[in-house]
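The lines below spell out each chain.
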Amino acid sequence: KIFKAVVSCVGHDGTIYIIPKSFEIELNKLMTEIQSNFKCLGLLEPYCWKKGEACVVRGSDTMWYRGKVVELGVSTLQVQYIDHGCIERIPQCHLYPTTLYNDIPPFCIPCQLYKTVPIGNFWQQDAVDCLQELLTNEEVEIHVQELPDNPWGKLSINLYFGGMSLSSFMAYQKYCIAEDCQDISKLVRFVCVYVPSYLLPPLPIPGHTFPVRVTHLVSPKEVYICLDASTNPTESPTEGDANCGSKLDSLDEALKWCNRSVESFPLLTHFQTEMPCLVEYQDGLWYRAKLLSIEEFDPVKILVQFVDYGSFLVVPTSRLRHIPHYLLKYPVQAVRALLAGFKPALYEKNVKRIPYSPEWSVEALWAMMECVEGKQLSASVLAVSPEVTISLYEDDQNLVHMKLIEMGLADLDE
């Protein structure tokens, strides 16, 4: 049997929940009926819930859904949305027991990939993340291969998205082993896949003074800082790439190895915001970066940010390559921070200003650069939310911004 379906959810164990397109009208009718029958806030008085008990769940969108209690708890219950597959912890006040719809089978079908064995015999977290990013709410084609032994078991399927076999794609990404794999190496570059992200370094506790270097200035108030290695050592990855071995104990060593073999990494052929990549800098070396936006179209040029420095650059696509997985295991070296304690001075109208930050004068930017460029400084974290905010000190423990205030380029901000 072959049919179209929408993937409603991918479970934490890699189970793929699908809703056949032919079920959509009946599911919408049921949802409309549930909304008309339940207009309360949920069960407010105490109730002795049982595992497996049917209920309706008030979702985050304020809609009511059919549910089933799968795990009991003190203040929350683990509940499965039986028509969508997803499992969430729900406060008891958002549930209501009911037997109204027990005679209607669930609209979603749990599935597993046919003759596909995940690495380690269970789907690893990065593979589940990939499946969720790739499939959730997407329309796919289902080829049924085997029925389950019991009605509540998983349907064994071949799943195709954009004409491509999911089993073959996951095997190509080294997440599993699959029989009868397609040769999809030429198709993969057209697929919008799960985009991994860089790790962020842990920051010292607020109030603690620690050595830093300023690696990039956006404005006198907004900087990128690099923590001293002794304060925040870069640990080697827990999982190295098989080709680089276990000798790459630091990011610098990993990048040196990477630069020696950079020609083996394919050029980027699809682009997504925040996508990690390798970028060739003006010195001919390749550095870690992330994509920000397309700046020009003929020819295509991309705005990137170097994550270990904070600086920005517009480059052609010929200077962008896929980043090897092991380089994502090292935290980024540059942290964006706002400097506390000062604000822009009031300027006359004819003062030359920073185009993208017009509250500051260009002279103030140059003065701040002289204060921080190439110098060993120290900092103290004042806040980490909503943005990292620090006090920045010179080696004599004087606040860096005091020179700008003395020059009349900034005012104290209490």
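Bear in mind that the values here come from a model prediction, so they are computed numbers and not experimental data. (Residues numbered from 1 in each chain as written. Predicted model: local features only at pLDDT ≥ 70, side-chain atom pairs only at ≥ 80, totals over all residues. Heavy atoms only, no water.)

## Looking at a nonpolar patch on the surface
Together, Val117, Ile119 and Ile177 make up an exposed nonpolar region whose accessible area comes to about 270 Å². Residue placement: Val117 occurs in strand E9 (residues 116–118). (Patch = residues over 30% accessible without salt bridge, like charges linked within 9 Å, V, L, I, M, F, W, Y side chains within 5 Å. Areas by Shrake-Rupley, 256 points an atom, 1.4 Å probe, with all protein chains shown as cover. Salt bridge = Lys/Arg side-chain N within 4 Å of Asp/Glu carboxyl O. Helix = DSSP H or I, 4+ residues; strand = E, 2+ residues; numbered from the N terminus.)

## Examining the sheet that holds strand E15 (residues 222–227)
Strand order in the closed barrel made by the five strands is E14-E15-E21-E26-E25, with mixed pairing throughout. Averaged over all pairs of adjacent strands, the angle between strand axes in this sheet comes to 60°, irrespective of strand direction. Pairing analysis gives four bridges linking strand E14 (residues 209–217) to strand E25 (residues 377–383), with the strands arranged antiparallel. Bridging from a neighbouring strand, Phe210 pairs with Ala379 of E25. Sheet contacts for helix H5 (residues 362–372): E14, strand E21 (334–339), E25 and strand E26 (389–393); angle to E14, the most-contacted strand, approximately 135°. (Pairing = 2+ DSSP bridges. Axes fitted to C-alpha atoms, helices over the stretch in contact; angles between N-to-C directions. Contact = heavy atoms within 4.5 Å.)

## What to know about the pairing of strand E16 (residues 276–280)
Counting buried positions along E16 yields four of five residues, so the element is predominantly enclosed. Connecting the antiparallel pair E16 and strand E17 (residues 286–297) is a turn made up of five residues, with Gly284 showing a positive phi of about 85°. Sheet analysis places E16 next to strand E20 (residues 320–321), joined by two bridges and oriented antiparallel. Bridge pairing links Val279 to Leu320 in E20. (Buried < 20%, exposed > 50% of the residue type's maximum accessible area, 1.4 Å probe, protein only.)

## Comments concerning helix H1 (residues 24–37)
For H1, spanning 14 residues, the distance from its first C-alpha to its last is 20 Å, which sits close to the expected 20 Å at 1.5 Å a residue. When H1 is considered as a whole, its buried residues turn out to be Leu27, Leu30, Met31, Ile34 and Gln35. All buried residues of H1 fall inside an arc of 135° around its axis, so they share one side. Looking at H1, the residues exposed on the side facing more than 90 degrees away from the buried face are Ile25, Asn28, Lys29 and Thr32. Those residues of H1 that are buried lie in contact with strand E2 (16–20), strand E3 (54–58) and strand E4 (64–71). (Expected span 1.5 Å × (residues − 1). Arc of directions from axis to C-beta.)

## Points about the confidence of the model for the protein chain
Of all residues in the protein chain, 91% attain a pLDDT of 70 or more, and the chain-wide mean is 86. For residues 186–192, every residue scores under 50 in pLDDT, and the model assigns this stretch 14 contacts once sequence neighbours within four places are set aside. (pLDDT = per-residue confidence, 0-100.)

## Let's talk about the pattern of salt bridges
Under the criterion given, the structure shown has 13 salt bridges. The partner of Glu141 in a salt bridge is Lys4, and the shortest N-O contact between them spans 3.5 Å. Placement of Glu141 in strand E10 (residues 139–146) and of Lys4 in strand E1 (residues 2–10) is noted, with a sequence separation of 137 residues between them. With relative accessibility at 26%, the residue Glu141 sits in the partly exposed group. The partner of Arg336 in a salt bridge is Glu387, and the shortest N-O contact between them spans 2.7 Å. Placement of Arg336 in strand E21 and of Glu387 in the loop between E25 and E26 is noted, with a sequence separation of 51 residues between them. For Glu387, a relative accessible area of 32% translates into the label partly exposed.

## Examining the packing of aromatic side chains
For the structure on display, the rule yields twelve aromatic pairs. Judged by centre distance (6.1 Å) and plane angle (85°), the rings of Tyr281 and Tyr287 are edge-to-face. Overall, Tyr281 belongs to the partly exposed group, its relative accessible area being 34%. Using a relative accessible area of 16% as the deciding quantity, one classes Tyr287 as buried. (Phe/Tyr/Trp six-rings, centres within 6.5 Å; stacked < 30°, edge-to-face > 60°.)

## Some details on helix H4 (residues 251–260)
Buried within H4 we find Leu251, Ala254, Leu255 and Cys258. Buried residues of H4, viewed axially, fall in a sector of 95°; they line one side. For H4, exposure combined with an orientation more than 90 degrees from the buried face picks out Asp252, Lys256 and Arg260.

## Structural notes on the nonpolar core
Membership of the largest hydrophobic core comes to 32 residues, with the highest contact counts inside it found for Val214, Ile225, Met368, Val372, Ile390, Leu392 and Leu404. Elements that contribute at least two residues to this core include exactly E14, E15, E21, H5, E25 and E26. With seven residues, H5 is the single largest residue contributor to this core. By size, the runner-up hydrophobic cluster in this structure holds 29 residues, among which are Ala5, Val7, Leu166 and Ala178. (Core = buried A, V, L, I, M, F, W, Y, C linked by side-chain atoms within 4.5 Å.)

## A closer look at the UniProt feature "domain: Tudor" (unreviewed entry) in the protein chain
Here the UniProt feature "domain: Tudor" (unreviewed entry) sits at residues 48–105 and 270–330. Secondary structure over residues 48–105 splits into 0% helix and 47% strand, and the C-alpha atoms at its two ends are 25 Å apart. (UniProt positions renumbered as here; feature names shortened; annotations may be inferred.)

## Notes on the sheet that holds E4
Spatially, E6-E5-E4-E3-E7 is the arrangement adopted by the five strands of the open sheet, whose pairing is antiparallel. Across the chains shown, the open sheet's two edge strands, defined by having one partner strand only, are strand E6 (87–91) and strand E7 (95–97). Geometrically, the sheet is characterised by an average inter-axis angle of 45° between neighbouring strands, direction not taken into account. When E3 meets E7, the two strands line up antiparallel, connected through three bridges. Bridge pairing links Val56 to Tyr96 in E7. The sheet contacts of H1 involve E3 and E4, and relative to E4 the element is tilted by about 90°.

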